[in-house]
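Below are the chains, spelled out letter by letter.
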Amino acid sequence: MTSTIANTRTTMLTALVASAKRQTERRRGLRSEAELVRAAATAAPPRDFAAALRRPGLSIIAELKQRSPSKGALTRSYPLTDLARSYTDGGAAVISVLTHEEGFGGSPDHLRRVRAKTNLPLLRKDFLTDKYQILEARVLGADAVLLIAAVLSPEQLTTLLAFTRELGMEALVEVHSESEVEVALASGAYIVGVNHRDLHTFGIDMNRTEQLRGCVGKDRLLVGESGVRSQKDARRLRETGADAALVGEALMRSSSPEVMVKELSL
């Protein structure tokens, strides 16, 4: 039984990556990579994602997502631009925009809509495996992208990170284990995100950032991801040496996200 559950969850991760690839191929058919290259060349310069996370205290990466594969719908409505303004007014350092369609109710176009409402750096969060997706993010107004070590080979991670920087952007490189930290650092990652949610079991382990702090090193920026629901959680992350926290579900369920961002920013 345990093996069956584990296989189902692994299949879910595989399915999320596969659906992201399908969505990308559909969009590639509507707008060629050459078109994106030309558009990226005339796009406004990216904002400094790293600088936003280096400010004193615990910086908050406030996330926009309508639902999740493990929790279902997180909100009855999804007032994307209103939430973006609330996050900005609350003092978020960065806004993360979920663009995965099938699993999270997102769309790459959400980046464009949010970009029009805030001057904060934007992070494109998705299962990115292709340069096209990074070009697309740049054209739509993103300043950084999420690269997940668990779904990329070391060679892919190194290549995509280098390409991201060629476009003037930065990447949040997500890890879950010591071996993934080693891969991330070898790729040249400067901003390392420790996801407390295991992508295979979907369980939360809030000790993970503390466990991996020493492996990451103090010369990199460290972001704690998932499971942050209160000031207590935020304070614990800050005490373990995290520079930032990525918060999604708690903000999406909050009746006052602006106030919650202020409370979490320590």
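The shown structure was predicted, so the numbers you read here are calculated from the model rather than taken from an experiment.

Quick look at the sheet that holds strand 6 (residues 144–148)
Sheet strands pair via backbone hydrogen bonds, and the direction of the pair is either parallel or antiparallel. Taken in spatial order, the eight strands of this closed barrel run 1-4-5-6-7-8-9-10, and their pairing is parallel. On average, each strand axis in the sheet is inclined to that of its neighbour by 25°, with strand direction left out of account. Bridging between strand 1 (residues 59–64) and strand 4 (residues 94–98) involves four bridges; their strand directions are parallel. Bridged to Glu-63 within strand 4 is Ser-96.

Things to note about the packing of helix 4 (residues 80–90) against helix 13 (residues 257–264)
For the pair helix 4 and helix 13, interaxial distance at closest approach is 8 Å and the crossing angle is 35°. The chirality of how helix 4 crosses helix 13 is right-handed. Across from Leu-83, Ser-86, Tyr-87, Asp-89 and Gly-90 in helix 4, the residues of helix 13 making contact are Pro-257, Glu-258, Val-261 and Lys-262. A breakdown of the residues in the contact of helix 4 with helix 13 according to their chemical character gives four nonpolar, two polar and three charged.

Overview of the environment of Ser-107
Positionally, Ser-107 belongs in the loop between helix 5 (101–104) and helix 6 (109–115). Separated by 84 residues in the primary sequence, Ser-107 and Gln-23 have C-alpha atoms spaced 9.6 Å apart. Contacts of Ser-107, omitting those with residues within four sequence positions, involve Leu-98, Thr-99 and Glu-101.

A few points about unusual backbone geometry
In terms of backbone geometry, most residues other than glycine have negative phi values and most peptide bonds are trans. Unlike most non-glycine residues, Ser-226 shows phi in positive territory, near 75°. Along the chain, the position of Ser-226 falls in the loop between strand 9 (221–225) and helix 11 (231–239).

Some thoughts on the layout of surface pockets
Within this model, the largest pocket holds a volume of roughly 170 Å³. Together, Arg-27, Leu-30, Arg-31, Leu-36, Pro-108, Asp-109, Tyr-132, Glu-136, Val-139 and Leu-140 line the largest pocket. If you list the elements that add at least two residues to the lining of the largest pocket, you get helix 1 (2–30) and helix 7 (131–139). It is helix 7 that provides the largest number of residues to the lining of the largest pocket, a total of three residues.

The rules behind these values
Residues numbered from 1 in each chain as written. Predicted model: local features only at pLDDT ≥ 70, side-chain atom pairs only at ≥ 80, totals over all residues. Heavy atoms only, no water. Pairing = 2+ DSSP bridges. Helix = DSSP H or I, 4+ residues; strand = E, 2+ residues; numbered from the N terminus. Axes fitted to C-alpha atoms, helices over the stretch in contact; angles between N-to-C directions. Left-handed = near helix turned anticlockwise from the far one by under 90°. Contact = heavy atoms within 4.5 Å. Nonpolar A, V, L, I, M, F, W, Y, C, P; charged D, E, K, R; others polar. 1 Å grid on protein atoms, 1.4 Å probe; cavity = no way out; pocket = protein on both sides within 12 Å on 5 of 7 lines; lining within 4 Å. Points joined across faces, edges and corners; volume = space filled by probe spheres on them.

In short, shape yes, function no, at least from these values alone.
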